[in-house]
Amino acid sequence: MKTQNNIPWWQKAVIYHIYPFSFYDSNNDGIGDLSGIIQRLNYLNNRTHKSLGVDAVWITPVSPSPWADYGYDVADYTAIDPVFGSMKIAEKLIWECHARNIKVIFDFVPNHTSSEHPWFIESKSSRDSQKHDWYIWADPNPQGGVPTAHRSIFGGSAWEFNHRRGQYYFHYFYKEQPDLNWCNAAVRKAMEEALVFWLDKGVDGFRFDAVKHLYEKFLDIGRAGFPVRTLDKKEAHEVFKGWRKILDHYGGVAIGEAWETNISEWASYYGKNLDEFHLPLNFFFMDTRWDAGNIRRLVDSVEAGLPRGAWLNWAIGNHDISRFVSRYGSQFVRLGAMLLLTLRGTPILYYGDEIGMSDVSIAPDRVRDRFGRDRARTPMQWDESPHAGFTQVEPWLPVGDSREISVVAQGHNPDSLLSLYKKLIWLRKRNAALRLGDYKSLDTASLQCFAYLRTRGKKKVLVILNFSSDDQKPGDCAGSGRGKILLSTDVTREKAEVEFKDLILAPYEGCIVDINTE
Ligand code: TEU
Ligand code: CA
């Protein structure tokens, strides 16, 4: 068996996903910033059980951007947007994180730049410009009009006309996000240089945005819909391998964002020889039925589809979709926490989910994102003061009700969701079976329960989750008669020895049970 020391840090980590606009505003301009993140690092991990205990932060883009897509339209890959801080503050952030054993993962947006990036400004200036082929340009079709009928995921045509060139450029996302031409070696090289720039600053990895769109194939003019993705294209895999080599050289993690619903397609991002992404993001919990049978089937099939030798990751929310509580209902919020933090694979926790933040409705005059994603990007609710302690001025997006849903309110309460998250994270940290053990699902007497074993050497931990609104008896599912309760979603439950046949789970209760096999 591998010793723990050979296991890369990102397999042992819990990652915390920060939307920087909304984490903490240090200078009272209504927008979160890097100094704000620094000021709140002790909340994330001060090396004691009083803090959340996360091991890494993934911060969505903080480079200069006109914010057509809130940072995902990058105008300079090797600088920091002044609203978020400066290069000096970014360096300080990296230093302060490392001082607390927190790794730093940046977001990297390779598929497209901002339409205000100097590369695009040069590219659109003329058909003879030096960067004329850095983006995807096409002539109007012979009848005039768009080259093909392809659509942008955000609505409308994927083609935008440019008068100077008398040509169209392609944008899979907003028209302010022209797609780079990845067939061009100069583009590939410029992007690699940007990666190395941040790695040399001490960044520990990247979450590579929208990687399934790097290359596309355009079908006939008349064909509507989205361009065909060309994952089967050798070039895409070569690019992923190139990034992976760079990351491996620095000991960093390469996380790939490809929102796949098909397990074998998702698995293909690991690479045939496990030489592409370390962690292709897992979206299988984002839009599914939240019941025991379905969740078990899903976890079992993702486990089965994982290439041998690869490592999983799990998440229950992100900045592109409705909050977990609003998607599945608040009754599942503790169960979701326990599931996320007891499965095999790196958990990725979206800021605010640890206190159960829900979607905030956005009045029409406050809308920021044209695609309707603001509701899950609202300011972190620190306390119950006027702007939830996030800022002292009107924040960039409205805040939710922070009377009960806040870090301070829940921090004082040992029964709160936040306290449960802390317990789960610290338990996972000290329990090798939970952190690294094998996974095996079990049949339970009640179909409303999902139970699984996590095993590492002699250490065995049983997790049982009751997805129903009634008491349930999971029965003798673990094949062993008894165990000791380590943690329940009802944190007041006595940490006693239990006979499995007698164990009764309350509605929506989950339990982690230590099984001593010695
Ligand atoms: O998202 C890519 C992506 O898959 C989205 O189009 C997703 O389908 C949509 O947001 C669902 O609501 C990434 C980022 O996460 C997203 O915030 C960016 O807008 C997008 O890339 C473009 O950079
Ligand atoms: Ca600010």
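All of these numbers come straight from a predicted model, not from anything done at the bench. (Residues numbered from 1 in each chain as written. Chains lettered and ligands numbered in written order. Predicted model: local features only at pLDDT ≥ 70, side-chain atom pairs only at ≥ 80, totals over all residues. Heavy atoms only, no water.)

Peer 1: How would you explain the overall build of the chain if you had to name every residue and give the values?
Peer 2: Secondary structure assignment for the chain yields 14 helices and 19 strands. Referenced to the eigenvectors of the C-alpha coordinate spread, the extents of the chain come out at roughly 75 × 50 × 40 Å. Residue burial in the chain is summarised as follows: out of 518 residues, 60% are buried. In the chain, once contacts between residues fewer than 6 apart in sequence are set aside, the share between residues at least 24 apart is 68%. Surface summary for the chain: the accessible area is close to 20,500 Å², and the carbon and sulfur share equals 49%. With 63 positive and 65 negative side-chain charges, the chain shows a spacing of 5 Å between the two charge centroids. (Helix = DSSP H or I, 4+ residues; strand = E, 2+ residues; numbered from the N terminus. Buried < 20%, exposed > 50% of the residue type's maximum accessible area, 1.4 Å probe, protein only. Contact = heavy atoms within 4.5 Å. Areas by Shrake-Rupley, 256 points an atom, 1.4 Å probe, with all protein chains shown as cover. Lys, Arg positive; Asp, Glu negative; His and termini not counted. Charge placed at Lys NZ, Arg CZ, Asp CG, Glu CD.)

Peer 1: Talk me through the pattern of salt bridges; I want residue IDs and the actual numbers.
Peer 2: Per the counting criterion, the structure on display carries 29 salt bridges. Each of D69, D320, D369, R373 and R377 takes part in a single network of salt bridges with overlapping partners. (Salt bridge = Lys/Arg side-chain N within 4 Å of Asp/Glu carboxyl O.)

Peer 1: Describe the confidence of the model for the chain, naming the residues involved and giving the relevant values.
Peer 2: The share of residues in the chain with pLDDT of 70 or more is 96%, and the mean pLDDT across the chain is 94. No element of the chain has a lower mean pLDDT than strand β9 (residues 228-229), which averages 62, and none a higher one than strand β1 (residues 15-18), which averages 99. (pLDDT = per-residue confidence, 0-100.)

Peer 1: How would you sum up the nonpolar core? Please name residues and give values.
Peer 2: Y16 and L44 are the most contacted members of the largest nonpolar core, which has 125 residues in total. Ignoring sequence-local partners within four residues, the contact set of L44 consists of Y16, I18, F23, S51, L52, G53, V54, V57 and I102. W9, I105, I255 and M286 belong to the second-largest nonpolar core, a separate cluster that totals 19 residues. (Core = buried A, V, L, I, M, F, W, Y, C linked by side-chain atoms within 4.5 Å.)

Peer 1: With reference to specific residues and values, describe unusual backbone geometry.
Peer 2: Note: most residues except glycine have negative phi, and most peptide bonds are trans. Unlike most non-glycine residues, N101 shows phi in positive territory, near 65 degrees. With respect to the helices and strands, the residue N101 is situated in the loop between α4 (87-99) and β3 (103-108).

Peer 1: Tell me about the side chain of Q410, and name the residues and values.
Peer 2: Mapped onto the elements, Q410 comes out in helix α12 (residues 407-411). A polar contact is formed between the side chain of Q410 and the backbone oxygen of E404, at a distance of 3.2 Å. Beyond its immediate stretch of four places on either side in the chain, Q410 contacts E354, I355, E404, I405, S416, L417, L418 and S419. (Polar contact = N/O pair within 3.5 Å; in protein donor to acceptor, adjacent residues only side chain to side chain.)

Peer 1: Go over the packing of helix α11 (residues 333-342) against helix α13 (residues 417-430) with me, naming the residues and quoting the values.
Peer 2: Running from amino to carboxyl end, α11 crosses α13 at an angle of 15 degrees, the nearest separation of the two axes being 10 Å. Regarding the angle of α11 to α13, the classification is roughly parallel. Both α11 and α13 take part in a crossing whose hand is right-handed. Within the contact between the two elements, α11 uses V333, R334, A337, M338, L340, L341 and T342 and α13 uses L417, L420, Y421, L424, I425 and R428. Looking at the contact of α11 with α13, its residues break down into 10 nonpolar, 1 polar and 2 charged. (Axes fitted to C-alpha atoms, helices over the stretch in contact; angles between N-to-C directions. Parallel < 35°, antiparallel > 145°, perpendicular 65-115°, else oblique. Left-handed = near helix turned anticlockwise from the far one by under 90°. Nonpolar A, V, L, I, M, F, W, Y, C, P; charged D, E, K, R; others polar.)

Peer 1: Got a sec to walk through the coordination of the calcium ion (ligand 2)? Specific residues and values, please.
Peer 2: In this structure, D25 (OD), N27 (OD1), D29 (OD), I31 (O) and D33 (OD) serve as the protein donors to the calcium ion (ligand 2), at separations of 2.2 to 2.3 Å. Donor residues binding the calcium ion (ligand 2) come from one chain and are separated in sequence as D-x1-N-x1-D-x1-I-x1-D. A relative accessible area of 2% places D25 in the buried class. Under the relative-accessibility criterion, N27 is labelled partly exposed at 46%. (Donors = N, O, S within 2.8 Å, 3.2 Å for Na, K, Ca; no water.)

Peer 1: Outline the packing of aromatic side chains, supporting the account with residue identities and numerical values.
Peer 2: Aromatic rings in a pair are described by how distant their centres are and how their planes are angled relative to each other. Under the counting rule described, the total for this entry stands at 51 aromatic pairs. Note on Y70 and W396: the rings are 5.5 Å apart at their centroids and 45 degrees apart in plane angle, and the pair reads as tilted. Placement of Y70 in the loop between β2 (56-59) and α4 and of W396 in the loop between β13 (346-350) and α12 is noted, with a sequence separation of 326 residues between them. On the basis of relative accessible area, W396 is assigned to the buried category, the value being 4%. The interplanar angle of 70 degrees and the centroid separation of 5.4 Å between the aromatic rings of F285 and W290 together place this pair among those described as edge-to-face. Overall, F285 belongs to the buried group, its relative accessible area being 0%. Here the aromatic residues Y77, F108, W119, W134, W182, F206, F208, F240, W243, Y269 and F277 are joined through ring pairs into a cluster of three or more. The ring of Y24 carries R40 above its face, with NZ or CZ at 4.1 Å from the centroid. We note K131 situated over the ring of W134; from NZ or CZ to the ring centre the distance is 4.7 Å. (Phe/Tyr/Trp six-rings, centres within 6.5 Å; stacked < 30°, edge-to-face > 60°. Lys NZ or Arg CZ within 6 Å of the ring centre and 35° of its normal.)

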